[in-house]
Structures are given as C-alpha cells and as structure tokens.
Amino acid sequence: MPLVLAIETSCDETSVAILENGTILSNIVLSQVQIHQRFGGVVPEIAARHHLKNLPIIYDQAVEEARVNVNELDAVAVTVGPGLIGALLVGLSFAKGLAVSLSKPLVGVNHLLGHVHAAHLAFEQLKPPYVALLVSGGHTELLVFEKSSLEPKVLGKTLDDAAGEAFDKVARLLKIGYPGGPAIERISKDANPDRYRFPRAMTEAKNFDFSFSGLKTSVLYLMQKERIVDIADLAASFQEAVVDILVEKTIRALQRTEIRKLVVTGGVASNSRLREKLTQKAQEIGFELYIPPKNLCTDNAAMIAKAATEMLNKGIFSSLSANADPALSF
Ligand code: KG4
Ligand code: ZN
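Residues numbered from 1 in each chain as written. Chains lettered and ligands numbered in written order. Predicted model: local features only at pLDDT ≥ 70, side-chain atom pairs only at ≥ 80, totals over all residues. Heavy atoms only, no water.

Got a minute to help me understand the domain arrangement of the protein chain in this structure?
When the domains of the protein chain are assigned, the result is domain 1 (3-115 + 298-313) and domain 2 (125-291). Summarising the inter-unit geometry, the C-alpha centres of domain 1 and domain 2 are found 27 Å apart. Contacts between the two partners involve 14 residues from domain 1, matched on the other side by 15 residues from domain 2. Of the roughly 1100 Å² buried between domain 1 and domain 2 on both sides combined, carbon and sulfur atoms contribute 69%. (Domains from an automatic or database assignment. Contact = heavy atoms within 4.5 Å. Buried area = accessible area lost by both parts, 1.4 Å probe.)

Would you take a moment to explain the environment of Pro128 for this structure?
Note on placement: Pro128 falls in the loop between α4 (111-122) and β6 (130-135). On the basis of relative accessibility, which here comes to 22%, the residue Pro128 falls in the partly exposed class. In the structure, Pro128 is positioned 85 residues away from Ser213 in sequence and 32 Å away in space, judged by C-alpha atoms. Those residues within four positions of Pro128 in sequence are excluded, and the remaining contacts are Phe145, Glu146, Lys147, Ser148, Ser149 and Lys261. (Helix = DSSP H or I, 4+ residues; strand = E, 2+ residues; numbered from the N terminus. Buried < 20%, exposed > 50% of the residue type's maximum accessible area, 1.4 Å probe, protein only.)

Could you clarify how one ought to interpret the pattern of salt bridges in this entry?
Throughout the structure, instances matching the rule amount to 16 salt bridges. Asp244 is the salt-bridge partner of Lys277, the closest N and O atoms lying 2.5 Å from each other. Of this pair, Lys277 sits in helix α9 (residues 272-286) while Asp244 sits in helix α8 (residues 231-257), placing them 33 residues apart in sequence. Three or more residues joined by partner-sharing salt bridges are found here, namely Arg200, Glu240, Asp244, Arg273, Glu276 and Lys277. (Salt bridge = Lys/Arg side-chain N within 4 Å of Asp/Glu carboxyl O.)

What's the story with the sheet that holds strand β2 (residues 13-20) in this structure? I'm lost.
Backbone hydrogen bonds are what pair the strands of a sheet, in a parallel or an antiparallel way. Pairing is mixed in the open sheet, where five strands are placed in the order β3-β2-β1-β4-β5. Either end of the sheet is taken by a strand with one partner, and the two such strands are β3 (23-31) and β5 (106-110). When strand polarity is set aside, the average angle formed by the axes of neighbouring strands in this sheet is 20 degrees. (Pairing = 2+ DSSP bridges. Axes fitted to C-alpha atoms, helices over the stretch in contact; angles between N-to-C directions.)

Can you help me understand the sheet that holds strand β10 (residues 288-290) in this one?
Spatial strand order, β8-β7-β6-β9-β10: five strands in an open sheet with mixed pairing. For this open sheet the edge positions go to β8 (152-157) and β10, each flanked by a neighbour on one side alone. Direction aside, the axes of adjacent strands within the sheet are offset by 20 degrees on average. Bridging between β6 and strand β7 (residues 140-145) involves six bridges; their strand directions are antiparallel. Bridge pairing links Leu133 to Leu142 in β7.

Can you walk me through unusual backbone geometry in this structure?
When glycine is set aside, most residues are seen to have a negative phi, and most peptide bonds are trans. Note the cis peptide between Gly81 and Pro82, where omega equals -10 degrees. Inspection of the secondary structure assignment puts Pro82 in the loop between β4 (75-81) and α3 (85-102). Cis geometry is adopted by the peptide bond preceding Pro179, which originates at Tyr178 and carries an omega value of -5 degrees. Along the chain, Pro179 turns up in the loop between α5 (163-174) and α6 (180-188). Phi angles above zero are rare outside glycine, and Arg67 is one such case at about 55 degrees. Mapped onto the fold, Arg67 is located in the loop between α2 (44-66) and β4. Arg67 sits in the exposed class, given a relative accessible area of 77%. The phi dihedral of Glu258 is positive, around 60 degrees, even though this residue is not glycine. Summarising the element assignment, Glu258 is placed in the loop between α8 and β9 (261-265). Classification of Glu258 as exposed rests on a relative accessible area of 68%.

Next up, the structure:
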C-alpha cells in the first residue's frame with residue numbers, strides 16, 4: 001500500500017496530510033475561521049490568499065511530523081473540486097509543482113469522495129455496500145456505494161441550501177456567530193427543541209431530495225412576527241427540524257436499498273444531536289452506523305489522501321494538465 005501526500009484547500013482550511021498504508025502519519029489543518037468570522041462567511045479571495053501564504057508552511061510541518069523522505073512518496077494527491085475556484089487552484093498548482101519536482105504521479109480527488117473516505121480512515125473494517133449521508137457547508141447528498149468506495153450512485157441531494165449552509169444562515173439571523181453549526185449546537189444544549197415547531201420539508205415526498213431554504217425563511221418570519229423570541233429555544237427548534245429531516249430521509253434510504261450500513265460524514269456530521277438521534281435509530285432499527293470522529297468530519301487532507309490511496313490501488317492517476325472544477329459532482 002502506498003505512501004501518499006495530500007493537499008486540501010477547497011474552502012477555508014489549509015491542510016496537508018501524509019498517509020502510509022492508509023494510516024495517518026500526519027494531518028495538519030489550519031483553519032481560517034477567525035479570519036472570515038467578521039465577514040459572517042468565507043470570502044473567496046481572502047481564502048485563496050491565505051492558502052497561498054500558509055500552504056508551504058503547512059507542507060513543511062506535515063513532512064516533518066510524518067518523518068518521511070518525500071522522495072519515497074508514491075503520489076501527490078490534491079482536491080480538484082468542488083470548492084472555491086481560487087482556493088482550489090492554489091492547492092492544485094502547489095501539488096503539480098511538487099509532483100513535477102519529485103517526479104511523482106498526481107492524483108486529483110473529488111472532495112466529496114474525500115469526505116466519504118474519512119469513514120474508511122476511522123473504520124478499517126468498513127466495506128461497501130453502504131449508504132452515505134454527506135452533510136457539509138456546500139453539500140447534502142444521499143449516496144449509495146454498492147461495490148466500490150469510489151463509485152457512488154446519487155439517491156438524492158438538496159434542491160437549494162445545504163444543511164451546513166442553513167446552520168450558517170440561521171446563526172447569522174440569530175447573530176450568534178460563524179460558523180453557524182457549532183454556534184447553534186452550543187446555544188441549543190440546554191434549550192427546549194419543542195418550543196417552536198418548524199416544517200419538516202420534503203419528508204412527505206417519496207424521493208430522497210432535501211430542501212432547507214424554507215426552514216431558514218420560517219425562522220426569519222417567526223423572528224419578525226414575534227417581538228420577543230427565546231434565541232436558545234429557537235436555535236434548538238431549528239436544529240431539531242434539520243436533524244429530523246436528515247434522519248427521516250436517511251432511514252428511508254436504508255429501507256429502500258435494504259442496505260444495513262450507514263456512513264455519515266461532512267462538517268454537519270459532527271453535530272451531537274444528529275449523532276445522538278442516528279445512534280438511537282441504529283439501535284432501534286438495527287443497522288451499522290459509521291460516523292468518523294469530529295476532526296475527520298470537517299475538512300482535512302487525510303480524507304483526501306485516503307481516497308487517493310484507493311484510487312492508486314485501482315491505477316487511477318491524473319494528468320499534469322488536470323484542472324480544478326468548482327462544481328465537480330458525481
Ligand atoms: O465539511 P465542512 O468542514 O466544509 C465543507 O466542505 O463545506 O463543513 C462545514 C459546515 C459548516 O456549514 C458548519 O456550520 C457545519 O459544517 N458544521 C456543523 C457543526 N460543525 C460544523 N453543523 C452543525 N453542527 C455542528 N456541530
Ligand atoms: Zn468539505
């Protein structure tokens with residue numbers, strides 16, 4: 001099994017990881033959250049500039065911590081999309097430069113496949129078939145991996161906002177900070193999730209698509225209608241609605257596919273209420289639940305290196321003319 005270095009710069013985390021035989025030797029993640037906080041969201045241009053400045057430093061740290069000789073690498077992997085184009089291009093250019101100077105092959109990785117491989121990093125025994133719920137700031141997808149961890153079939157996706165995006169937008173409405181997910185989770189902790197009743201959109205529909213923009217609008221209307229709202233109860237009620245929608249659709253996907261293994265990954269998978277409800281369902285209904293630890297759910301290069309390891313094992317490489325694709329999908 002190969003020695004792989006991977007670079008991840010698709011959004012606001014600059015990350016470099018080195019994996020040997022699928023084991024993490026180093027996984028350095030530098031978050032730009034504090035830089036973007038005052039803008040209430042990621043500013044693409046600023047993200048790209050910071051990647052450019054920090055990537056060489058993070059690379060040195062990752063190599064030093066892994067204690068490897070980079071001449072022994074089997075490949076240089078990099079996220080090629082989806083993500084912010086400027087941010088992606090910084091990582092891709094760096095990866096190409098490294099691949100050329102070390103005479104190593106380049107492996108361009110789909111960020112979404114990376115998120116799914118976070119589960120393979122955390123659970124060595126995990127094998128397809130499984131259903132995967134991928135919930136991040138940019139994506140909300142229900143996927144089925146029947147035979148290979150590299151070939152998903154899309155069961156459903158969000159028609160508008162992603163789950164993480166809804167958390168971020170509602171947190172902005174409530175003025176409780178950025179990123180919204182952790183802020184909403186924190187404030188909801190001892191609050192009443194039944195105080196305000198929000199619609200569970202699309203749960204009646206037979207398909208596996210999601211919609212979260214109406215929920216965000218419901219929060220806004222409620223705040224406009226009621227002069228005084230309890231912010232903590234409102235956050236908890238919103239979180240409960242998102243979790244209910246995700247759980248309901250996912251359980252239905254397991255029933256429809258008759259698959260008894262579920263992977264949940266992406267930034268929103270670090271939400272404690274979602275983890276709690278899914279764990280409860282797994283016991284009730286009887287399926288295997290694979291949710292990576294929180295630091296592997298959010299963006300990191302180790303998950304990209306793991307996906308690249310699988311690609312290398314199947315002889316999949318990229319050419320040096322590979323381009324970044326901000327809208328890459330399955
Ligand atoms: O996977 P990720 O780090 O980056 C993307 O690829 O988008 O996900 C970031 C998203 C943000 O929208 C953030 O608010 C959300 O994940 N998030 C959470 C939690 N932690 C991060 N959402 C709900 N609860 C959390 N604890
Ligand atoms: Zn991500």
